[in-house]
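Here is what each chain is made of, one letter per residue.
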Amino acid sequence: MCGRFALFRWSPTFAALPGFPADQQPHWSLAPGATVLLLRQVEEELQLSSVRWGLTPPWLADFTRTPAQARAETLSEQPMFRDAYRLRRGVLPANGFYEWRGTARKRPYWMTSDDSLMYFAAIWEAYPVEGRTYLSAAVVTHPAANQRRPLMLDQAAMAAWLDPQTPLETLDTLLSAPQPALRERPLATFVNDPELDAPECLTPVN
């Protein structure tokens, strides 16, 4: 399951997008419940927003039950996700994500692609709290190597995913599109500490 990812490096072009926070800090370990960056199309313009990682529809009363992941296979069917899939799509930019494997003792791995920035398919919702409106998101996942991994989009797929006019048939095709080959690096166990958000998370195993 995609339980944590990182965004600690970005280009000047990315930082020039509307909505990029002036005080944006690098993060080596973003977990569900964290504030993350969401890229979406707003009136034909790409825009970044700071959102809560954990989908929170306006009707949801229990904030402890906000899903951070949404399965690609049932995205169009689940009541929690289907409206957002149809109307509110975005992407979560990342430099990579973590994956734990093993039986007796799970080993963390750092997963990246050839591109410096990866874009994970996501859906988003707005929710009101005390007169203010906040945004939330869930990452779309697909099954891979006995894991749930984020659904990654290349530039063409991302443009289609973000476009509100894209037909549902095309979106369904994106959900099952081949995924890029990933590079992996076994890590030391520093990243197992959920409170650690520092470069030490990426310390390779000895």
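All values derive from a computational prediction rather than experimental measurement. (Residues numbered from 1 in each chain as written. Predicted model: local features only at pLDDT ≥ 70, side-chain atom pairs only at ≥ 80, totals over all residues. Heavy atoms only, no water.)

**Some points on unusual backbone geometry**
Let me state the cut-off plainly: Helix numbering and strand numbering both begin at the N terminus, where a helix is a DSSP run of H or I of at least 4 residues and a strand a DSSP run of E of at least 2. For each residue, the accessible area found with a 1.4 Å probe, counting protein chains only, is set against the maximum for its type, and the residue is called buried under 20%, exposed over 50%, and partly exposed in between.
Its identity is not glycine, yet Glu43 carries a phi of approximately 50°, on the positive side. On the secondary structure map, Glu43 appears in the loop between β3 (35–42) and β4 (45–53). Here the phi dihedral of Glu44 falls at roughly 70°; this positive angle occurs in a residue that is not glycine. The exposure class of Glu44 is exposed, given its relative accessible area of 76%.

**A look at the sheet that holds strand β12 (residues 183–186)**
Selection rule: The criterion for strand pairing is that DSSP finds at least two bridges linking the strands in question. Where helices are involved, their axes are fitted lines through C-alpha atoms of the stretch in contact, as for all axes, and angles between N-to-C directions lie from 0 to 180°.
The 5 strands are arranged β2-β1-β7-β8-β12 in an open sheet whose pairing can be described as antiparallel. Pairing within the sheet leaves two strands with one partner each, and these edge strands are β2 (27–30) and β12. For this sheet, the mean inter-axis angle between neighbouring strands, taken without regard to orientation, is 30°. Sheet topology places strand β7 (residues 96–101) next to strand β8 (residues 107–112); 5 bridges connect them, and they run antiparallel. Across the sheet, residue Trp100 finds its bridge partner in β8, namely Pro108.

**Remarks on the packing of helix α3 (residues 155–162) against helix α4 (residues 168–175)**
The packing of two helices is summarised by the inter-axis angle and the distance between the axes. Applied cut-off: Relative orientations are named as follows: roughly parallel for angles under 35 degrees, roughly antiparallel for angles over 145 degrees, roughly perpendicular for angles from 65 to 115 degrees, and oblique for any other angle. Two helices cross in a left-handed way if the nearer one is turned anticlockwise from the farther one by less than a right angle. They cross in a right-handed way if the turn is clockwise. Whether two residues touch is decided by their heavy atoms; if any such pair falls within 4.5 Å, the residues are in contact.
It is the contact of α3 with α4, at a shortest axis distance of 10 Å, that shows an interaxial angle of 140°. On the basis of the axis angle, α3 is oblique to α4. For the crossing formed where α3 meets α4, the hand is left-handed. Here Ala157, Ala160 and Trp161 of α3 come into contact with α4, specifically with Leu171, Leu174 and Leu175.

**Focus on α3**
Spelled out, the test is: The definition of a polar contact used here is a pair of N or O atoms within 3.5 Å, where within protein one atom must be able to donate a hydrogen and the other to accept one, and adjacent residues in sequence count solely through side-chain atom pairs.
Of all the positions in α3, only Ala157, Met158, Ala160, Trp161 and Leu162 are classed as buried. If you check the start of α3, you find a side-chain oxygen 3.3 Å away from the backbone N of Ala156, and it comes from Asp154.

**Brief notes about the packing of aromatic side chains**
Quick note on the threshold: When two rings of Phe, Tyr or Trp (its six-membered ring) have centres within 6.5 Å they constitute a pair, described as stacked for plane angles under 30 degrees, edge-to-face for angles over 60, and tilted for the intermediate range. Here, over-ring charges are defined by two tests on the NZ atom of lysine or the CZ atom of arginine: distance to the ring centre within 6 Å, and angle to the ring normal within 35 degrees.
Per the stated rule, a full pass over the model turns up 11 aromatic pairs. Seen in terms of ring centroids, Phe5 and Phe120 are 5.8 Å apart; in terms of plane orientation they differ by 80°. Their pairing is edge-to-face. Taken together, the positions of Phe5 in strand β1 (residues 5–7) and Phe120 in strand β9 (residues 118–129) put the pair 115 residues apart, joining distant regions of the chain. In this pair, the class of Phe5 matches that of Phe120, namely buried. Their ring planes at 45° and their centres at 6.2 Å tell us that Tyr98 and Trp100 sit as a pair that is tilted. The cationic tip of Arg89 hangs over the ring face of Trp161; the distance from NZ or CZ to the ring centre is 5.9 Å. One Lys or Arg, Arg101, reaches over the ring of Tyr109 and ends 4.1 Å from the middle of that ring.

**Topic: the nonpolar core**
Filter applied, for reference: Throughout this description, the term nonpolar core refers to a set of buried Ala, Val, Leu, Ile, Met, Phe, Trp, Tyr and Cys residues connected via side-chain atoms within 4.5 Å.
Phe5, Leu75, Leu92, Phe120, Ile123 and Trp161 are the most contacted members of the largest nonpolar core, which has 53 residues in total. Core analysis: the second largest hydrophobic core is formed by 9 residues, Ala6, Phe8, Cys201 and Leu202 among them.

**Notes on the pattern of salt bridges**
Going by this rule: Each reported salt bridge corresponds to a side-chain nitrogen of Lys or Arg within 4 Å of a carboxyl oxygen of Asp or Glu.
Summed over all chains, the structure comprises 7 salt bridges. The salt bridge involving Arg86 is made with Asp83; its shortest N-O contact spans 3.8 Å. Of this pair, Arg86 and Asp83 both sit in helix α2 (residues 82–87), 3 residues apart, roughly one helical turn. Arg86 gets classed as partly exposed once you look at its relative accessible area, which sits at 41%. With a closest N to O distance of 3.2 Å, Glu125 and Arg88 form a salt bridge. Here the residue Glu125 occupies a position in strand β9, and Arg88 occupies one in the loop between α2 and β6 (89–94), the gap between them amounting to 37 residues. Taken individually, Glu125 and Arg88 each receive the classification buried, so the pair is uniform in this respect.

By themselves these figures say nothing about function.
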